[in-house]
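Single-letter residue listing:
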Amino acid sequence: MPPELRKLLATADALAAKAKGAVLSATRDIRKEILFLAGELNVAGSAEARESIFAQVTKRFAKLGKRLSALFTYMDETAVRRGGRAASESTGLEVKISPAHAKAVIAAVTKGGSARLAATMTRSMNDNIVSALRNATVSAFREQAVDGLTNDEMAKVLLQKWQAAAKDPANVQFVDRSGRVWDTETYINMNVRTNAMNVYNDVLVESIGKATGSDLVMVSSDGDADCRLCFPWEGRILSITGKTREFPTYEEAKAAGLFHPNCVHTLEPVDEELDADEVELQRNFPPPADMTPSAMDEQRYEIDINRKMMNEGLSLKEAKVAVDRDNLANAMREGLASGKADEVVAKLTDEQVNALCPNGNPPRFAPAKDNAGGEEWNRGSNGGVLYIDRKELTAERLVKVSGVEEGKPVRKPDIKVVRS
Ligand SMILES: [Zn+2]
């Protein structure tokens, strides 16, 4: 990851913490104000008094929205600035970004802009707390009717119910458009980081295209376990404009799931001279019409095997086992967080590796304690899940648990060979 980008993410985290602080202190003030006004005004007897409190709450949330909007906008501008600098760093070219250009990039990335995000968040919190207070009022009136409370008793019950509603943290949580409830910090962090990365990628793509006239970029291979969606795309060459139809476009890749929320992958420039072999290789694998994760995964497998054949002079059979070993070790590292993955895989025979990667798909690894049946290999489609005791992980143990034996016939997938 370019140093400028690292700095950008650190800034994003710091900003998310600041935004969270603003949300916390604002909601605390709002609750206090509700409690104070509920005691002062005659909320039990007057609908007008209740409405005036709701109006106060709305005003406070609007103020919070403005503060968040300013923070998010600042972040977007920083993302564009740093994105430009990182693009200069990666390409060695001077990348100039005009304010108009910056605005266009931000508008394209944040869809509706950061101001709208801040407004959506605060409106959601506002609606939650107001509706909780309204519900509390309705239920207090119902109790009065059922239990025949006096007006004084009713006022007391209502105050208690309002206090409970105002104190409940669930009532000031952010609910997104699909109805999902978010912890404020998680949401802000996810959003700020994702926007920062997207702005960076967009600036990089635009500046590379403009400065070098090149149409190709490559997806980084960070190998982060949280980025399963991006795994099939790692190392893949993309076309910026779509004029090079042998490659998936940047937009198509995004539509297919690359650069999802919280993604740590990024783009790197392709040097058409230095990377000529890789470009040639990938040209042989035009994107499938439907870029599903499994279709892209299959292509990645074929490309990886062909790269091994090309760079290391391996036969198809040797290259396949070598790629399977890499993938198997990766799956083990991700699923078990084990530092022994490479060592264990090195001790397996080619046949065992083959049998552990049916059709080139290694199983997902998971600790045995997560499975009611203990250590076992649940072979579903695409390798299934292999449960194994994390601490006891050795090649012998793996062979025993998985039941793979020497010489067991394994169906080999058809691999398109570019040149042998
Ligand atoms: Zn990702």
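Placed above this text is the structure.
Basis of the calculations
- Per chain, the residues get numbers from 1 upward, laid out in the order the sequence is written.
- Selection of residues for local features in this predicted model requires a pLDDT of at least 70, selection of side-chain atom pairs for listing and counting requires 80 or more, and totals for whole chains, interfaces and linings are taken over all residues.
- As a rule here, side-chain values come from all non-hydrogen atoms in the structure, and water together with hydrogens is ignored.
- Note on conventions: DSSP H or I runs of at least 4 residues are helices, E runs of at least 2 residues are strands, and numbering of each starts at the N terminus.
- Exposed residues in this analysis have more than 50% of their type's maximum accessible area, buried residues have under 20%, and partly exposed residues fall in between, with area computed by a 1.4 Å probe over protein chains only.
- Two residues form a contact once any of their heavy atoms are found within 4.5 Å.
- Only strands joined by at least two bridges in the DSSP assignment are considered to pair.
- Between 30 and 60 degrees the pair is tilted, below 30 it is stacked and above 60 it is edge-to-face, where a pair is any two Phe, Tyr or Trp rings, Trp via its six-membered ring, whose centres lie within 6.5 Å.
- Consider the ring centre and the ring normal. A charge sits over the ring if Lys NZ or Arg CZ is within 6 Å of that centre and within 35 degrees of that normal.

S.K.: Where do I start with the side chain of glutamine 144 in this structure?
M.R.: Along the polypeptide, glutamine 144 turns up in helix H4 (residues 113-147). Classification of glutamine 144 by relative accessible area gives buried; the value is 17%. Non-local contacts of glutamine 144, meaning those with residues more than four positions away in its chain, are made with Leu149, Thr150, Asn151 and Met154.

S.K.: How should I be thinking about the environment of lysine 32 in this particular structure?
M.R.: Counting through the fold element by element, lysine 32 comes out in helix H1 (residues 3-40). The class for lysine 32 is exposed, based on a relative accessible area of 57%. Separated by 53 residues in sequence, lysine 32 and arginine 85 have C-alpha atoms that sit 45 Å apart.

S.K.: Please explain the pairing of strand E8 (residues 385-388) as it appears in this structure.
M.R.: For a regular strand, side chains alternate in direction, first toward one face of the sheet and then toward the other. On E8, burial covers both faces: Val385 and Tyr387 on one face and Leu386 and Ile388 on the other are all buried. In this structure, strand E6 (residues 364-367) lies alongside E8, joined through four bridges in parallel fashion. Residue pairing in the sheet places proline 367 in a bridge with isoleucine 388 of E8. Two elements, strand E7 (residues 376-378) and E8, share three bridges in a ladder whose sense is antiparallel. What sits directly across from glutamate 376, in E8, is tyrosine 387.

S.K.: Which parts of the structure should I look at to understand the packing of aromatic side chains?
M.R.: Centre-to-centre distance and the angle between the planes together describe a pair of aromatic rings. Within this structure, the stated rule accounts for four aromatic pairs. Relative to tyrosine 187, the ring of tryptophan 182 has its centre 4.9 Å away and its plane inclined at 70 degrees; by these criteria the two rings are edge-to-face. A centroid spacing of 6.2 Å and a plane angle of 65 degrees characterise the contact between tyrosine 250 and phenylalanine 259, whose relative ring orientation is edge-to-face. By relative accessible area, tyrosine 250 is classed as buried at 3%. An aromatic cluster is defined as three or more aromatic residues linked by ring pairs; in this entry it consists of Phe174, Trp182 and Tyr187. Positioned over the ring face of tryptophan 182 is arginine 180, at 4.2 Å from the centre of the ring.

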